[in-house]
Amino acid sequence: MHLGALGHLPLALARAVLAALRGRLSALCWSLAPFSLPLPLPLPGWWRVSAPSPAVPVGSRRERERERDDASPTPTSVNYHFTRQCNYKCGFCFHTAKTSFVLPLEEAKRGLAMLKEAGMEKINFSGGEPFLQDRGEFVGELVQFCKQDLKLPSVSIVSNGSLIRERWFKKYGEYLDILAISCDSFEEDVNVLIGRGQGKKNHVENLHKLRQWCREYAVAFKINSVINRFNVEEDMNEQIKALNPVRWKVFQCLLIEGENSGEDALRQAEKFVISDEDFERFLDRHKDVSCLVPESNQKMRDSYLILDEYMRFLNCRNGRKEPSKSILDIGVEAAIKFSGFDEKMFLKRGGKYVWSKADMKLDW
């Protein structure tokens, strides 16, 4: 029926015909919509149907970006401070002996397996002093488990070195990729001032002995130094080159409220603090050391995944260590969301490198 013929029909009948036409046109419109075909007749003014908003494709860039922002970071490299106890008293220490708790060995292994499942490639055992617990057997068991059972590409330890014996290397050395020894000065009186002095033992002499054991047992040797008010003017070029570590990690002294700063802290490290300019001068003095890896306060604060003795991630973004719930209770993915970890800064500072001794091609 031509639309103009409606004018000759009674009003009620015309309305019925219009309703029927509207239904047929609606059905025709929606049946043609998937094929994007034009309608054969221009629709009168009363027939204006708003097109439905196009659905955002599942794989759209916007949705992928939103999912990426909401996703938990991957725990590629984890620093597990399984003990806070230490036999040294370094004045700037920012992980102090606030508790004596250590997880049972099997619980620690369970947490490490969870981290591996979540994407961990490197584990670093630290403290406190890792070799205090069971005379190094505890950390040795964890090292062996991570390399032999979990098959992690990299297993490392940070230690002050004072309690390590050659028998430990004989038993566990094959499972350890990197041993990092903390050494802040090559002048023994400065080490005593800092808090690394231990009676008649000489920290620097012990460092050289450990270097030799690492050669003999095929463990990559690394040195960590905290640059502070007492060593900032020191020239360490000759000694570092002679020891030839795979990496010399140089940290700027960092204040963490509740650890080495503030009323509830066990240390007061303010007297050790240096300026950014002081730190840059130290770095410039040692710019020819090829293994130098500098880390300022800005780089350090949010670019490390730190797991405490309860296997809680520690968020340092607000200048103090705020713990998540334990991964043993809520899982890695839920806990890591509260870690404050900046994955971009981790990569920017060179946090991922050749960290398996099998890939280092070192001349032992």
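Before any of the text, the structure's been laid out above.
The rules behind these values
Residues numbered from 1 in each chain as written. Predicted model: local features only at pLDDT ≥ 70, side-chain atom pairs only at ≥ 80, totals over all residues. Heavy atoms only, no water. Helix = DSSP H or I, 4+ residues; strand = E, 2+ residues; numbered from the N terminus. Buried < 20%, exposed > 50% of the residue type's maximum accessible area, 1.4 Å probe, protein only. Polar contact = N/O pair within 3.5 Å; in protein donor to acceptor, adjacent residues only side chain to side chain. Contact = heavy atoms within 4.5 Å. Salt bridge = Lys/Arg side-chain N within 4 Å of Asp/Glu carboxyl O. Core = buried A, V, L, I, M, F, W, Y, C linked by side-chain atoms within 4.5 Å.

### Some words on the environment of Thr 74
Alright, step 1. Mapped onto the secondary structure, Thr 74 falls in the loop between helix H2 (61-70) and strand E1 (77-81).
Alright, step 2. A residue is classified by how much of its surface remains accessible, and Thr 74, at 33% relative accessible area, is partly exposed.
Alright, step 3. As a C-alpha pair, Thr 74 and Leu 305 span 231 residues in sequence and 9.9 Å in three-dimensional space.

### Some words on unusual backbone geometry
Alright, step 1. The step from Gly 127 to Gly 128 runs through a cis peptide bond, and the omega angle for that step is 20°.
Alright, step 2. Its location among the elements puts Gly 128 in the loop between strand E2 (122-126) and helix H4 (137-149).
Alright, step 3. The residue Met 311 is not glycine, and still its phi comes out positive at about 60°.
Alright, step 4. Turning to its location among the elements, Met 311 is positioned in the loop between strand E8 (306-307) and strand E9 (312-315).
Alright, step 5. The exposure class assigned to Met 311 is buried, which follows from its relative accessible area of 0%.

### Let's talk about the side chain of Asn 191
Alright, step 1. Here Asn 191 shows up in helix H6 (residues 188-194).
Alright, step 2. Judged by its relative accessible area of 0%, Asn 191 is buried.
Alright, step 3. Of the polar contacts made by the side chain of Asn 191, one reaches the backbone oxygen of Ser 185; its length is 3.1 Å.
Alright, step 4. With residues up to four places along the chain from it excluded, the contact list for Asn 191 reads Asp 184, Ser 185, Arg 196, Gly 197, His 203 and Val 204.

### Considering the pattern of salt bridges
Alright, step 1. For the structure shown, the criterion picks out 17 salt bridges.
Alright, step 2. Among the salt bridges present, the one from Glu 121 reaches Lys 352, with a minimum N-O distance of 3.5 Å. Within this pair, whereas Glu 121 is found in the loop between helix H3 (105-117) and E2, its partner Lys 352 is found in the loop between helix H13 (343-348) and helix H14 (357-360), the two being separated by 231 residues in sequence.
Alright, step 3. Note that Asp 177 is salt-bridged to Lys 147, the shortest N-O span being 2.7 Å.

### Looking at the nonpolar core
Alright, step 1. By size, the foremost hydrophobic cluster in this structure holds 65 residues, and its most contacted members are Tyr 80, Leu 112, Ile 123, Phe 125 and Trp 248.
Alright, step 2. In terms of residue count, the dominant contributor to this core is H4 (six residues).
Alright, step 3. Among all residues touching Trp 248, those that are not within four sequence positions of it are Ile 223, Ser 225, Met 236, Ile 240, Phe 282, His 286, Val 289, Cys 291, Leu 292 and Val 293.
Alright, step 4. Counting residues in each nonpolar core, the second largest holds 17 residues, with Val 190, Phe 251, Leu 254 and Ile 256 among its members.

### Focus on the environment of His 286
Alright, step 1. Relative to the helices and strands, His 286 resides in the loop between helix H9 (276-285) and strand E7 (292-295).
Alright, step 2. Residue His 286 is classed as buried on the basis of its relative accessible area, which comes to 0%.
Alright, step 3. Not counting the four nearest positions on each side in its chain, His 286 is found in contact with Glu 234, Asp 235, Met 236, Asn 237, Trp 248 and Leu 292.

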